[in-house]
Amino acid sequence: MTANARQFMDRVLAAVRETDDHGLLTDRRADGLTGISGLKTVGVLQRLARLFADDPSACYVEIGVFQGLTLISTALEAPALPCFGIDNFATLDPDGVNLSVVNERLARFGTANARLLNMDFEEALGGLDGHLSGRRVGLYFVDGPHDYRSQMVCLLLAKRHLHDHAVIVVDDANYPAVRHATRDFLLGHAGFKLAFEAYSPAHPANLSRDDLLRWEAGWLNGVHVLVTDPEGLLPDMLPPVDDDRTLYFNEWLVHRQQMAELAPEAVALARALCLDDEPEAADRRADLMRRFDQMKTRFSGRFPDRNTKSAGLPEARFNALPEG
Ligand SMILES: C[S@@+](CC[C@H](N)C(=O)[O-])C[C@H]1O[C@@H](n2cnc3c(N)ncnc32)[C@H](O)[C@@H]1O
């Protein structure tokens with residue numbers, strides 16, 4: 001076991017433990033730095049950023065900036081650490097204000113080491129080399145779309161950019177797909193270990209007021225902290241998941257349907273119909289038809305079911321060794 005690896009692990013575990021005991025490291029809420037991450041989640045990023053503060057080969061990357069709480073809080077704790085926040089402002093922005101809120105806050109808090117990459121996370125991760133100026137990602141925060149594939153892609157595409165000593169913080173670990181993606185990633189990558197996990201009893205939207213106050217001061221909608229551990233210092237630990245994988249198998253049954261993109265609205269309508277809630281069903285039907293009107297051109301030319309979207313793909317294609 002190398003002393004360096006042991007020291008790094010000790011420092012990561014100490015930062016997480018201190019956060020679990022004490023929450024935020026620096027509280028800037030009174031200055032208007034707010035967002036939708038739990039205060040302990042912000043606190044652990046603040047403390048972990050300090051571990052890389054003086055490392056000229058390291059940087060911080062986050063997926064999911066929203067209004068800048070985690071990006072700016074982290075950047076302020078380590079002013080010499082380049083910090084990159086990736087967001088295309090695709091969700092949670094009904095009034096289209098989040099980009100300007102982030103830019104205003106970056107300027108107001110003087111975070112010269114923080115940079116917003118206003119683009120889709122997958123595109124950004126695909127071209128990350130072009131932004132990092134040779135640095136490696138020491139601290140990586142995953143807080144974008146929470147479907148299984150997006151979570152997994154966030155982990156897989158970042159892997160080759162990670163620092164030898166890296167920490168990955170995954171937000172919203174309450175969601176089953178998030179837990180499953182972390183678990184599958186860990187099972188497939190022996191050089192990473194789960195150092196910490198925390199959950200709350202429900203999504204913040206479904207908590208009582210008292211519970212909400214408690215979990216807002218904590219890890220809110222759950223968290224995973226992963227750490228590089230090529231020497232296997234930590235024992236294996238995996239996030240708990242449900243044995244029933246019906247929903248994942250259903251993805252294939254839904255995705256191949258002609259109007260698969262209408263699934264969220266269709267399932268909401270199905271719930272109202274199954275519960276015999278006529279007023280709710282009328283609202284949900286209207287939502288479904290509105291969405292159908294927006295998307296109907298996409299559906300033409302598709303089959304009712306078993307769409308494979310394979311027309312035009314090569315009938316056969318060989319790879320080959322280069323000449324010489
Ligand atoms: C939960 S919020 C992030 C909260 C933030 N970390 C904070 O400090 O409050 C999730 C963010 O992910 C972003 N997002 C969703 N889909 C995305 C995508 N395909 N590419 C990049 N960002 C995306 C949303 O625009 C949203 O701002």
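Residues numbered from 1 in each chain as written. Predicted model: local features only at pLDDT ≥ 70, side-chain atom pairs only at ≥ 80, totals over all residues. Heavy atoms only, no water.

*Asks:* Mind laying out the domain arrangement of the protein, listing which residues take part and the relevant values?
*Replies:* Segmentation of the protein into domains returns domain 1 (3-228) and domain 2 (246-299). Between the C-alpha centres of domain 1 and domain 2 the distance comes to 33 Å. (Domains from an automatic or database assignment.)

*Asks:* Lay out the sheet that holds strand β2 (residues 83-86) in plain terms, naming residues and giving numbers.
*Replies:* Pairing within the open sheet is mixed, and its 7 strands lie in the order β3-β2-β1-β4-β5-β7-β6. At either margin of the open sheet sits one strand with a lone partner, and together these are β3 (114-117) and β6 (192-198). The average undirected angle you get between the axes of adjacent strands in this sheet is 15 degrees. Note that β2 and β3 share 4 bridges and pair parallel. Bridging from a neighbouring strand, Phe84 pairs with Arg115 of β3. Along the sheet face, helix α8 (residues 176-188) touches β5 (162-171), β6 and β7 (223-228) and points at about 15 degrees away from the line of β7. (Pairing = 2+ DSSP bridges. Helix = DSSP H or I, 4+ residues; strand = E, 2+ residues; numbered from the N terminus. Axes fitted to C-alpha atoms, helices over the stretch in contact; angles between N-to-C directions. Contact = heavy atoms within 4.5 Å.)

*Asks:* Could you give an account of the pattern of salt bridges, naming the residues involved and the relevant values?
*Replies:* Scanning the entire structure with this criterion turns up 19 salt bridges. Between Asp236 and Lys193 there is a salt bridge, with the nearest N and O atoms lying 3.8 Å from each other. Of the two residues, Asp236 is situated in the loop between β7 and α10 (246-255) and Lys193 in strand β6; the sequence distance between them amounts to 43 residues. By relative accessible area, Asp236 is classed as exposed at 70%. You can call Lys193 buried: its relative accessible area is 8%. In this structure, Arg291 engages Glu265 in a salt bridge whose closest nitrogen and oxygen atoms are separated by 3.6 Å. In this pair, Arg291 is assigned in helix α12 (residues 278-299) and Glu265 in helix α11 (residues 263-274), connecting sequence segments 26 residues apart. In this structure Glu265 comes out as buried when scored by relative accessible area, which is 19%. It is possible to trace a salt-bridge network through shared partners that takes in Glu280, Arg284, Asp287 and Arg290. (Salt bridge = Lys/Arg side-chain N within 4 Å of Asp/Glu carboxyl O. Buried < 20%, exposed > 50% of the residue type's maximum accessible area, 1.4 Å probe, protein only.)

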